[in-house]
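# Fold and contact review
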Amino acid sequence: MAVTETLKSTVEQYTSAGNQAFKDGVDKSLAALAEANTHSKKNLEAVVASVTAATKGAEALGAEAFAYSKKAAEDQVAAAKALASAKSVQEAVELQTAWAKSALEAYIAQVSKASEIVSASIKDSVKPLNERVTATVEKFQAAR
């Protein structure tokens, strides 16, 4: 009978230890899944923020390009009217030269402005992604 009790006690201890190990394994797995889910959610939020910033930049660039095109067309019509009312060839050449100079200056200013918009848009778009990469690298370094 003592052998039976000892055997029964040993089986209960192994069963209890096995159950505890299984429970601990499940708990660790669930915790890892929850952490992975949180990490994935933050990554998705970063991608959404990045795309939103890029969209705003594209909208700003489009609006700026439209405004420039409208102004350039208005300036061209005004220059054509002025050129048509020129009283001499010399006056026509002077008007044409002045218009070409101002059109080139406006174009260069527009290219500079568009470049600033694109640069700011890229910076804003990449920022949330960089933050996630930094967080991931820090997490891996902390785990080492």
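So, here is what we can say about the structure in this document. This one's a predicted model, so the numbers in the text were calculated from it and none came from an experiment. Counting of residues starts from 1 at the beginning of each chain's written sequence and follows it residue by residue. Owing to the predicted nature of the model, reporting of local features is limited to residues with pLDDT of at least 70; listing and counting of side-chain atom pairs is limited to 80 or more, with chain, interface and lining totals taken over all residues. Processing note: side-chain calculations cover all non-hydrogen atoms of the structure and skip hydrogens and water entirely.

For the purposes of this entry, the term helix denotes a DSSP run of H or I that reaches at least four residues, the term strand denotes a run of E that reaches at least two, and both are numbered from the N terminus. On a plain count of helices and strands, the protein comes out with two helices and zero strands. Along the longest, intermediate and shortest principal axes, the C-alpha atoms of the protein span 130 × 25 × 10 Å. Each residue is assigned to one of three classes by its accessible area relative to the maximum for its type, calculated with a 1.4 Å probe on protein chains only: buried under 20%, partly exposed between the two thresholds, exposed over 50%. Per-residue burial for the protein yields a buried fraction of 9% across its 144 residues. Residue contacts are counted whenever heavy atoms from the two residues lie within 4.5 Å of one another. Intrachain contacts of the protein at a sequence separation of at least 6 include 80% that bridge at least 24 residues. On the protein, roughly 11,300 Å² of surface is accessible, and the fraction owed to carbon and sulfur atoms is 64%. The positive count covers Lys and Arg only, the negative count covers Asp and Glu only, and His and the chain ends enter neither. In this description, the location of a charge corresponds to atom NZ of lysine, CZ of arginine, CG of aspartate or CD of glutamate. Treating the 17 positive side-chain charges of the protein as one cloud and the 17 negative ones as another, the clouds have centres 1 Å apart. We get accessible surface area from the Shrake-Rupley algorithm with a probe of 1.4 Å; when it comes to residues, only the shown protein chains can shield them.

Next up on the list: a nonpolar patch on the surface. There is a patch of nonpolar side chains on the surface, built from L44, V47, V48, V51 and L129 and spanning about 420 Å² of accessible area. Examined against the element boundaries, L129 turns out to sit in helix α2 (residues 89–143). The patches described consist of residues with a relative accessible area above 30% and no salt bridge, like charges being joined within 9 Å and nonpolar side chains (Val, Leu, Ile, Met, Phe, Trp, Tyr) within 5 Å. Only one rule defines a salt bridge in this text: a Lys or Arg side-chain nitrogen within 4 Å of an Asp or Glu carboxyl oxygen.

On to the pattern of salt bridges. Enumeration according to the criterion identifies four salt bridges in this entry. A salt bridge links K23 to D27; the shortest N-O distance between them is 3.3 Å. Highlighted residues: K23 and D27, both in helix α1 (residues 2–84), separated by four residues, approximately one helical turn. We classify K23 as partly exposed; its relative accessible area is 46%. Here K113 and E64 are joined by a salt bridge, their closest N and O atoms 3.4 Å apart. Taken together, the positions of K113 in helix α2 and E64 in helix α1 put the pair 49 residues apart, joining distant regions of the chain. Given the relative accessible area of 19%, E64 is considered buried.

An expected span of 1.5 Å times one less than the residue number is assigned to each helix. Spanning 55 residues, α2 covers 80 Å between terminal C-alpha atoms, matching the ideal 81 Å at 1.5 Å per step. In α2, a bend of some 30° at K127 exceeds every other bend along the element, and P128, a proline, comes one to four places later. Q110, I117, S121, S125, P128 and R132 are the residues of α2 that are buried. The bend at a residue is defined as the angle formed between two axes, one fitted to the seven residues ending at that residue and one fitted to the seven starting there.

Right, let's get into the environment of T10. Within the element layout of this structure, T10 appears in helix α1. Measuring from C-alpha to C-alpha, the distance between T10 and L95 comes to 106 Å, with 85 residues separating the pair along the chain.

Next up on the list: the side chain of S50. Relative to the helices and strands, S50 resides in helix α1. On the basis of relative accessible area, S50 is assigned to the buried category, the value being 10%. Excluding residues within four positions of it along the chain, S50 makes contact with S125, P128 and L129.

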